[in-house]
Amino acid sequence: MALPVIAPAGAVDVRAWTSVVECDVNTGQGDERARLVELGRKGNGVVGWGIKGDEVVNGLNCQVSEDDVARAPLWRA
């Protein structure tokens, strides 16, 4: 009976279901360090969702982030 309540809570707890990495991303004004939710690997980099920029970006020189939370929960915003 608790499963229908637990499942949605797990889906919105804002923890990434894959690796959160910190990479060098070219913003058009030079490279800057950014946190990405890893979507896949391509060549020597990572294709990921830019948490700050809300867009898909390519990252290089990536390292696994210490923090696996993609965003603050809605109830804390």
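Refer to the structure printed above.
So, here's what we can say about the structure.

Analysis parameters
- Residues numbered from 1 in each chain as written.
- Predicted model: local features only at pLDDT ≥ 70, side-chain atom pairs only at ≥ 80, totals over all residues.
- Heavy atoms only, no water.
- Helix = DSSP H or I, 4+ residues; strand = E, 2+ residues; numbered from the N terminus.
- Polar contact = N/O pair within 3.5 Å; in protein donor to acceptor, adjacent residues only side chain to side chain.
- Contact = heavy atoms within 4.5 Å.
- Disulfide = S-S within 2.5 Å.
- Buried < 20%, exposed > 50% of the residue type's maximum accessible area, 1.4 Å probe, protein only.
- Patch = residues over 30% accessible without salt bridge, like charges linked within 9 Å, V, L, I, M, F, W, Y side chains within 5 Å.
- Areas by Shrake-Rupley, 256 points an atom, 1.4 Å probe, with all protein chains shown as cover.
- Salt bridge = Lys/Arg side-chain N within 4 Å of Asp/Glu carboxyl O.

You can see Glu-38 is positioned in strand S2 (residues 31-42). Polar side-chain contacts of Glu-38 include one of 3.1 Å to the side chain of Arg-41. Excluding residues within four positions of it along the chain, Glu-38 makes contact with Thr-18, Ser-19, Val-21, Val-46, Val-47 and Gly-48.

Time to look at the state of the cysteines. A disulfide bridge is the covalent bond that connects two cysteines by way of their sulfur atoms. The full count for this structure, using the stated rule, is one disulfide. There is a disulfide in this structure between Cys-23 and Cys-62, and the S-S distance comes to 2.0 Å. Across the disulfide from Cys-23 to Cys-62, rotation about the S-S bond amounts to roughly 120°, and the bridge is consequently right-handed. Within this pair, whereas Cys-23 is found in strand S1 (residues 20-26), its partner Cys-62 is found in strand S4 (residues 55-64), the two being separated by 39 residues in sequence. Using a relative accessible area of 25% as the deciding quantity, one classes Cys-62 as partly exposed.

A cluster of nonpolar side chains, contributed by Leu-39, Trp-49 and Val-56, occupies part of the molecular surface with about 290 Å² of accessible area. Within the fold, Trp-49 resides in strand S3 (residues 45-50).

Summed over the entire model, instances satisfying the criterion amount to two salt bridges. Close ionic contact of Arg-33 with Asp-24 constitutes a salt bridge, the shortest N to O distance being 3.1 Å. For Arg-33, a relative accessible area of 39% corresponds to the partly exposed category. The exposure class of Asp-24 is partly exposed, given its relative accessible area of 22%.

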